[in-house]
Amino acid sequence: MAATPYVRELFLDPDTRAALGRLGEVRLPADGADVGDEVVLAGLLADADVVVTGWGTAPLTAAVLAAAPRLRLLAHTGASVKPFVTPESFARGVRVTQAGEAMAYAVGEQALALTLALLHRLHRFDHALRTGADWATAKAAPPRRELRGATVGVVGASRTGRAYLGLVRALGARVLVADPFLSDAEAATLGVERVGLDDLLARSLVVSLHAPVLPETVGMIGARELALLPDGAVLVNTARSALVDEAALLAALRTGRIDAALDVFDAEPLPVDHPFRRLPNVLLTPHEAAGTVESRRRAGAIVVAEIDRFLRGAPLAHEVLPEQLDRTG
């Protein structure tokens, strides 16, 4: 069993690490080894039956697979497996599983925290005080709003979207959801109203993005869509930056008409001179929405359980099949 460097963080918990070790020999790359390099990854997988992947791992290309004749399972510690799987890996019979479910609540909770911070203008107060504004100027933020009774638009009824909408509904928000795969029956079960994207944007005080990156979702929030937001609305993106036209968002934010909280960016790491960093109406986090201790422990537990099922010949609980990739990020 081979595991990539990011996996060390997931298995710092002694119980999780011990559980993985009981399933077989665990091999980690040498310190400093770049598993984004196909040659390095191929060497790590020479006699591995299972690879546990994290961000930055090279894809399972034909060359990597040729060097890994025993490989039969890729267990990803995150959600999207698209950077790692290939047509060749599926053709070779390498099965795929992922731990995206582990992250859903953590992302939903951070999206809630960002929502509350934006509504209460905490980011504007903090920016003003830290940059030397006098007390009266610092207090002169736009009107603050409460979540209770507010209309919140959720773009994407994904795992994270459902975790978030459950939290905001518990605090008294009315929720609209735009998702072409969500049925009216599912919407009723979730206690939300299913609407089109334009309707959602025009009616929502808060818009939170939870959609996957698909050809039809890339750039789905552009200048036209941002103009539909009411004055004083707030946008939260803990999903993927590709969902939003970054230049259009920057232009809209520079007007001061809307506020935003962003955990994801076109360029990561975010350049130190990026204009987002200087805007008082933007709250920034460095792509860490899912990075709680609890989330990582859940991810480790899911990966261990999936490997155990695989080795016992039992059905996988989180398997990703080739035909599912068109609907996943």
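Residues numbered from 1 in each chain as written. Predicted model: local features only at pLDDT ≥ 70, side-chain atom pairs only at ≥ 80, totals over all residues. Heavy atoms only, no water.

A.B. asks: Describe in detail the overall build of the protein chain, supporting the description with residues and values.
C.D. replies: A tally of helices and strands in the protein chain yields 14 helices and 11 strands. Taken against the 2.2 N^0.38 rule, which gives 20 Å for 329 residues, the C-alpha radius of gyration of the protein chain at 22 Å falls within 12% of a compact globule. In the protein chain, which comprises 329 residues, the proportion classed as buried is 50%. Intrachain contacts of the protein chain at a sequence separation of at least 6 include 62% that bridge at least 24 residues. Total accessible area on the protein chain stands at roughly 15100 Å², and carbon and sulfur atoms take up 56% of it. Treating the 34 positive side-chain charges of the protein chain as one cloud and the 39 negative ones as another, the clouds have centres 5 Å apart. (Helix = DSSP H or I, 4+ residues; strand = E, 2+ residues; numbered from the N terminus. Rg over C-alpha atoms; globule rule 2.2 N^0.38 Å. Buried < 20%, exposed > 50% of the residue type's maximum accessible area, 1.4 Å probe, protein only. Contact = heavy atoms within 4.5 Å. Areas by Shrake-Rupley, 256 points an atom, 1.4 Å probe, with all protein chains shown as cover. Lys, Arg positive; Asp, Glu negative; His and termini not counted. Charge placed at Lys NZ, Arg CZ, Asp CG, Glu CD.)

A.B. asks: Account for the domain arrangement of the protein chain, naming residues and giving values.
C.D. replies: Along its sequence, the protein chain is carved into domain 1 (5-102 + 292-324) and domain 2 (104-284). Distance from the C-alpha centre of domain 1 to the C-alpha centre of domain 2: 32 Å. Both sides of the domain 1 and domain 2 interface together cover about 520 Å² of buried area, and 42% of this is carbon and sulfur. The interface formed by domain 1 and domain 2 includes 0 salt bridges. Between the two partners, domain 1 and domain 2, sit 1 residue pair in polar contact (both at pLDDT 80 or more). Sorting the residues of the side of domain 1 that touches domain 2 by element identifies α6 (100-119) and α14 (293-312) as the ones contributing at least two each. With 3 residues, the top contributor of residues to the side of domain 1 that touches domain 2 is α6. In the side of domain 1 that touches domain 2, the residues fall into 3 nonpolar, 4 polar and 3 charged. (Domains from an automatic or database assignment. Buried area = accessible area lost by both parts, 1.4 Å probe. Salt bridge = Lys/Arg side-chain N within 4 Å of Asp/Glu carboxyl O. Polar contact = N/O pair within 3.5 Å; in protein donor to acceptor, adjacent residues only side chain to side chain. Nonpolar A, V, L, I, M, F, W, Y, C, P; charged D, E, K, R; others polar.)

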